[in-house]
Amino acid sequence: MKTLTGPFTQILPFTGLPLKGPLKDSQLQIINNGWVLSNNGRIVTIGTLERLRKDHPSAQINEITGDNVLLPGFIDCHTHICFAGNRANDYALRSSGKSYTEIAKSGGGIWDTVTQTRAASEATLTELLVKRADRHLSDGVTIIEVKSGYGLSVEQELKQLRAIKEASYKTKATLIPTCLAAHILPKDFEGTRSAYLDDILQNLLPIVKKENLANRVDIFIEDGAFKTDQALSFLDKAKRLGFDVTVHADQFSTGGSAVAVEIGAVSADHLEASKDKEIKLLAKSDTVAVALPGASLGLGMQYAPARKLLNAGACLAIASDWNPGSAPMGDLLMQAAVLGAAEKLTAAEVFAGLTSRAAHALRLTNRGTLATGAPAVMQAYPCSDYREILYNQGKLRSQILY
Ligand code: NIG
Ligand code: FE
């Protein structure tokens, strides 16, 4: 069925923009007082009511009142929202001066969430995840990447990934699962880090493939997690099994981004510790640099060098990293607005990082834009100028339109 939705004071389709490097707001295509013609949930074209109604007289009219700015739904290309419990204790300890790694060593950190998540049933995890996905959806985030990584055994990782699959049927948001069994070495694994990575490759990933639970594999490269040489060999084997790979890279120390580029990872995420050398490497590659301002806010540390990455020519996406430890807030738009203010990013760069460039981080085609043929999953902000959205730093709420 054909539908004409509008009018919109401004429509920003995010089509035709370069994938890499700086963007000026003047590069944005802005359609004033436009309408969207969709057919069975897919975008056909954008234009004036007069022309569209003449060409498609039978289209049903969906009239929107007041001033509204239309954007594609946002894409959060990095989250860990399949978890149980919380880590308020870690947060309090951090605020009193203890470091993330100190807290992890003293029994808090990722392992604490693993314990709480293992104790939850698959049904409970599904329910918690659906609630978080629906909250994100009501904040304009229509596609959400969700990592496992709080199970850390074959059985428990499968439980998380199956909960993500089940949740995807119960929320209107699109969930993109990623296997992060290589988050840390689980405390109860009897063997070395390399033996654990082998266990994942031999005993977990074949089931993940067979049950179609994820086509992406992630690893945390850091002191206290996995080393670069171990990660390189792990990711190489995961790629050979047919997975796209991505890396938690350069969060506290460098090394991860070079692995990501060498192996051809789809993205390298975090990058708070990246320096000129890493920035150059990423800029030359097709690996998307993903900034996670929510983790910087949660940990009270510096942002990823987003401005320098763009100036060097990288593709920059912005994601929330929503997780119970380092990034408990999960408000993607607020975080992106704050990163933009701190790093001097144009609105075009921020919004591309939440739409078309985030789609590239997940290697999704036809998503994150309002291009012909793309699903008509859109959001309307009650304002007359797109710049008001970041100016309100997350407080302007959109209406999702399908
Ligand atoms: O992306 N850095 C590693 N992993 C997560 C944190 C997970 C947690 O603390 O539970 C991150 O920040
Ligand atoms: Fe993360």
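For the structure, see preceding data.
A few points on the structure. Quantities reported herein were computed from a predicted structural model and do not represent experimental measurements. (Residues numbered from 1 in each chain as written. Chains lettered and ligands numbered in written order. Predicted model: local features only at pLDDT ≥ 70, side-chain atom pairs only at ≥ 80, totals over all residues. Heavy atoms only, no water.)

Turning next to the site of ligand 1. Every one of the 15 residues lining ligand 1 counts as a neighbour, but R87, Y100, Y150, Q251 and S326 are closest to it. Separating an oxygen atom of ligand 1 from a side-chain N or O atom of H248 is a distance of 3.0 Å. Here ligand 1 has 330 Å² of accessible area as a free molecule, and 100% of this is covered by the chains. Within the shell around ligand 1, the residues separate by chemical class into 4 nonpolar, 9 polar and 2 charged. (Near = heavy atom within 4 Å. Polar contact = N/O pair within 3.5 Å; in protein donor to acceptor, adjacent residues only side chain to side chain. Areas by Shrake-Rupley, 256 points an atom, 1.4 Å probe, with all protein chains shown as cover. Nonpolar A, V, L, I, M, F, W, Y, C, P; charged D, E, K, R; others polar.)

This next bit is on the coordination of the iron ion (ligand 2). Tetrahedral coordination by four donors puts the ideal angle at the metal at 109.5 degrees, and octahedral coordination by six puts it at 90 or 180 degrees. In the first shell of the iron ion (ligand 2), the protein supplies H78 (NE2), H80 (NE2), H248 (NE2) and D321 (OD), at 2.0 to 2.2 Å from the metal. Expressed as a motif, the donor residue spacing for the iron ion (ligand 2) is H-x1-H-x167-H-x72-D. Remark: D321 occurs in the loop between β13 (316-318) and α13 (332-343) and H78 occurs in the loop between β6 (74-76) and α2 (88-95); sequence separation between them is 243 residues. Of the residues examined, D321 reaches a relative accessible area of 1% and is grouped as buried. (Donors = N, O, S within 2.8 Å, 3.2 Å for Na, K, Ca; no water. Helix = DSSP H or I, 4+ residues; strand = E, 2+ residues; numbered from the N terminus. Buried < 20%, exposed > 50% of the residue type's maximum accessible area, 1.4 Å probe, protein only.)

Moving on, we come to the pattern of salt bridges. Under the criterion given, the structure shown has 15 salt bridges. A salt bridge links K147 to D218, with the shortest nitrogen-to-oxygen separation between them at 2.8 Å. Taken together, the residues K147 in strand β7 (residues 141-147) and D218 in strand β9 (residues 216-220) connect sequence positions 71 residues apart. Assessed through its relative accessible area of 1%, D218 is described here as buried. When the shortest N-O distance is used, the salt bridge between D385 and R387 registers 2.8 Å. Judged by relative accessible area, which is 19%, D385 ranks as buried. A cluster of three or more residues bridged by salt bridges with shared partners is formed by E145, K147, R216 and D218. (Salt bridge = Lys/Arg side-chain N within 4 Å of Asp/Glu carboxyl O.)

Where helix α7 (residues 193-210) contacts helix α8 (residues 228-240), the axes come no closer than 10 Å and their chain directions differ by 10°. Between α7 and α8, the crossing angle belongs to the class labelled roughly parallel. Taken together, the residues of α8 that come into contact with α7 (itself represented by R193, S194, L197, D198, I200, L201 and L205) are Q230, F234, K237 and A238. Classifying every residue of the contact of α7 with α8 by side-chain character gives 6 nonpolar, 2 polar and 3 charged. (Axes fitted to C-alpha atoms, helices over the stretch in contact; angles between N-to-C directions. Parallel < 35°, antiparallel > 145°, perpendicular 65-115°, else oblique. Contact = heavy atoms within 4.5 Å.)

Applying the stated rule across the entire model yields 6 aromatic pairs. The interplanar angle of 10° and the centroid separation of 6.2 Å between the aromatic rings of F74 and F351 together place this pair among those described as stacked. Residue F74 is located in strand β6, and its partner F351 is located in helix α14 (residues 347-354); the two are separated by 277 residues in the primary sequence. Neither residue differs from the other here; F74 and F351 are each classed as buried. A ring pair is formed by F83 and Y150, whose centres lie 6.5 Å apart and whose planes are at 80°; its orientation type is edge-to-face. Of the two residues, F83 sits in the loop between β6 and α2 while Y150 sits in the loop between β7 and α6 (154-170), which places them 67 residues apart along the sequence. (Phe/Tyr/Trp six-rings, centres within 6.5 Å; stacked < 30°, edge-to-face > 60°.)

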